[in-house]
Amino acid sequence: MRAVEYDRYGSSDVLQLREVPDPVLRDGQVLVRVRAASLNPKDVLARKGKFRLFSGLKLPKGVGYDWAGEVVQVGAGAEGVQVGDRLHGMLQPWTRGGSCAEYVASSLDTCAPIPHGLSFEEAAALPLAALTAWQAFHDFGALGEGARVLIHGATGGVGAFAVQIARALGARVVAVCGPSNQGFARELGAHRVLDYTREDPCACGETFDVFFDVFGNRSWAQARGVLAEGGLYVSTVPTPALVLDQARTALSARRARLVVVRSRRGDLAALGGLVERGLLRVVLDQVFPLDEIAAAQERVGSKHVRGKVVVAVP
Ligand SMILES: NC(=O)c1ccc[n+]([C@@H]2O[C@H](COP(=O)([O-])OP(=O)(O)OC[C@H]3O[C@@H](n4cnc5c(N)ncnc54)[C@H](OP(=O)(O)O)[C@@H]3O)[C@@H](O)[C@H]2O)c1
């Protein structure tokens, strides 16, 4: 099959589209013909070598974690799935990646049926980013009706889903993004929008039950002053300071936490339910053909995408 790989870490010109062996199907897995994959900042960081200790030292590495496609083969013990089923999913984040390819082998617990009404491109855009938002709001205590939520970095991959999910859960949402995305954040459902070039979310006159630092450039020390009693600061970016803050606040009323996304069928199915009820839409920043993978990664690396960058796999 054709797949994108790299043999050394570096800039986007290390990426190569080439012939590689098809994935080996294990028991409990399905083989999927990928129709679209989506990219995340993690793909850019991995290519630069930032995760080399977590994803194994062996090269070459594959590119991409999110995929959507059709089942072409069902492995022994993979029950309830048929050839032709439309699925989407996310390869677990500690693996070598590889969804920017013609085929992936996936366990059934890391994928789910594509929600009705979504194209392959939209379905591929959803898993990693939407799961991150979902897990940030559920894994550390459920977000209740009427909760006050601040989303810092509200219009990119994770943020655009986070605003909508928080609204669907009944929260009041304050979104933080740049000047060109103020109207877009309102369209996503934010009640109030702050411009990070002019306004400080840690001095905006409100307190929050959840401060979701999606962009990851605010610290617990800055955020705790605007947290309500029992409030939660969640960041997506692991830093030594955050690890210490997590430990220090483990038993406190106000807590700091790092969200580490995992592929979970149940969470994907819950997100699919929101899509089908019209509460969650997928916004595509740009769709690139597979042979323009370097340009697609450059777009993600800009840190100013609106929604998600997707790669169509012919
Ligand atoms: N821990 C995990 O499991 C996990 C999972 C997913 C993602 N992540 C991490 O989460 C981060 C965000 O991921 P993503 O996919 O949402 O990235 P993204 O799509 O690149 O996010 C872009 C967003 O960040 C905003 N932004 C840019 N500069 C900013 C600044 N100085 N201050 C505040 N906001 C700013 C952008 O707004 P404008 O365009 O308006 O400037 C846009 O809303 C990445 O670092 C990623 O690696 C971690």
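Every chain is numbered independently, its residues counted from 1 as its sequence is written. Where local features are concerned, this predicted model is filtered to residues with pLDDT of at least 70; where side-chain atom pairs are given and counted, the filter is 80 or more; whole-chain, interface and lining totals use all residues. To obtain the side-chain values, all non-hydrogen atoms of the structure were used and water was disregarded.

### Some words on the packing of aromatic side chains
To keep it simple, the criterion reads: Classification of ring pairs rests on two measures: the distance between centres of Phe, Tyr or Trp rings, Trp counted by its six-membered ring, which must be within 6.5 Å, and the angle between planes, read as stacked under 30 degrees, edge-to-face over 60 and tilted in between. Every helix listed is a DSSP run of H or I at least four residues long, and every strand listed is a run of E at least two residues long, numbered separately from the N terminus. Burial status follows relative accessibility: with a 1.4 Å probe on protein chains alone, a residue under 20% of its type maximum counts as buried, one over 50% as exposed, and anything between as partly exposed. Whether a charge sits over a ring depends on NZ of Lys or CZ of Arg being within 6 Å of the ring centre and within 35 degrees of the ring normal.
Within this structure, the stated rule accounts for four aromatic pairs. Between F137 and F212 the ring centres are 5.6 Å apart and the planes differ by 70°, which places this aromatic pair in the edge-to-face class. You can see F137 sitting in helix α3 (residues 127-138) and its partner F212 sitting in strand β12 (residues 208-213), a full 75 residues away along the chain. F137 gets classed as buried once you look at its relative accessible area, which sits at 1%. Accessibility expressed as a relative area gives 0% for F212, which makes it buried. Each residue in the set F211, W220 and Y233 is aromatic and connected to the rest through ring pairs, giving one cluster. The ring of Y103 has R33 lying over it, and the distance from NZ or CZ to the ring centre is 5.7 Å. Here the guanidinium or amino end of R86 rests over the ring plane of F120, the centre of that ring lying 4.5 Å away.

### Thoughts on the nonpolar core
Quick reminder of the rule: For this analysis, a nonpolar core means a set of buried residues of the types Ala, Val, Leu, Ile, Met, Phe, Trp, Tyr and Cys, connected via side-chain atoms within 4.5 Å. The contact rule is simple, with two residues in contact once any of their heavy atoms fall within 4.5 Å.
Counting residues in each nonpolar core, the largest one holds 89 residues, and the members touching the most others are L39, L126, F137, I151, F161, I165 and F212. Take this core: its biggest share by element is eight residues, from α3. Those residues within four positions of L126 in sequence are excluded, and the remaining contacts are H88, L131, F161, L268, L271, V275, L280 and V282. L194, F211, A223 and A256 belong to the second-largest nonpolar core, a separate cluster that totals 16 residues.

### Observations concerning the domain arrangement of the protein chain
Here is the rule we go by: Domain start and stop points were drawn from an automatic or database domain assignment. Buried area counts how much accessible surface, traced with a 1.4 Å probe, disappears from two parts once they are put together, with both parts' losses summed. Every case where a carboxyl oxygen of Asp or Glu lies within 4 Å of a side-chain nitrogen of Lys or Arg is listed as a salt bridge.
Taken domain by domain, the protein chain comprises domain 1 (2-126 + 282-312) and domain 2 (130-258). The centre of domain 1, based on its C-alpha atoms, is set 27 Å off from the matching centre of domain 2. On the side of domain 2, 13 residues touch domain 1, which itself brings 11 residues to the contact. Of the roughly 860 Å² buried where domain 1 meets domain 2, counting both sides, 65% is carbon and sulfur surface. Area buried by domain 1 at its contact with domain 2 is led by L126, V283 and R306, which between them contribute 46% of it. Across the domain 1-domain 2 interface, the total number found is zero salt bridges.

### Describing unusual backbone geometry
The omega angle of the peptide bond from L59 to P60 is 0°, so this bond is cis rather than trans. Here P60 shows up in the loop between α1 (41-47) and β4 (61-62). The phi torsion at K303 lies on the positive side, around 65°, for a residue other than glycine. You can call K303 exposed: its relative accessible area is 59%.

### Quick notes on the sheet that holds strand β1 (residues 2-6)
Inclusion rule: Each pair of strands is called paired provided DSSP finds at least two bridges between the two strands.
In space, the three strands of this open sheet follow the order β2-β1-β4, with antiparallel pairing throughout. Across the chains shown, the open sheet's two edge strands, defined by having one partner strand only, are β2 (16-19) and β4. Pairing between β1 and β4: two bridges, direction antiparallel. By the bridge assignment for β4, Y6 is matched with K61.

### Side note on the site of the ligand
Our working definition: Throughout this document, a residue counts as near a molecule or strand when at least one of its heavy atoms sits within 4 Å of that molecule or strand. Two N or O atoms count as a polar contact when they lie within 3.5 Å, although within protein this holds only if one can serve as hydrogen donor and the other as acceptor, and sequence-adjacent residues are included solely when both atoms are side-chain atoms. Accessible areas in this description were obtained via Shrake-Rupley with a 1.4 Å probe; residue shielding takes into account the shown protein chains only.
Near the ligand you find 25 residues, and of these T155, G178, Y196, V259 and H304 are the closest. Y196 places a side-chain nitrogen or oxygen 2.5 Å from an oxygen atom of the ligand. Interatomic distance of 2.7 Å between a backbone N/O atom of V259 and a nitrogen atom of the ligand. In the complex, the protein chains occlude 87% of the 930 Å² of accessible area that the ligand would expose alone.

### Points about the pattern of salt bridges
What the rule picks out here adds up to 17 salt bridges. For R172, the salt bridge is made with E206, and the minimal N-O distance between the two is 2.9 Å. Within this pair, whereas R172 is found in strand β10 (residues 172-177), its partner E206 is found in the loop between β11 (192-195) and β12, the two being separated by 34 residues in sequence. A residue is classified by how much of its surface remains accessible, and R172, at 31% relative accessible area, is partly exposed. A relative accessible area of 17% means that E206 is categorised as buried. Residues participating in the shared-partner salt-bridge network are E5, D7, R18 and R96.

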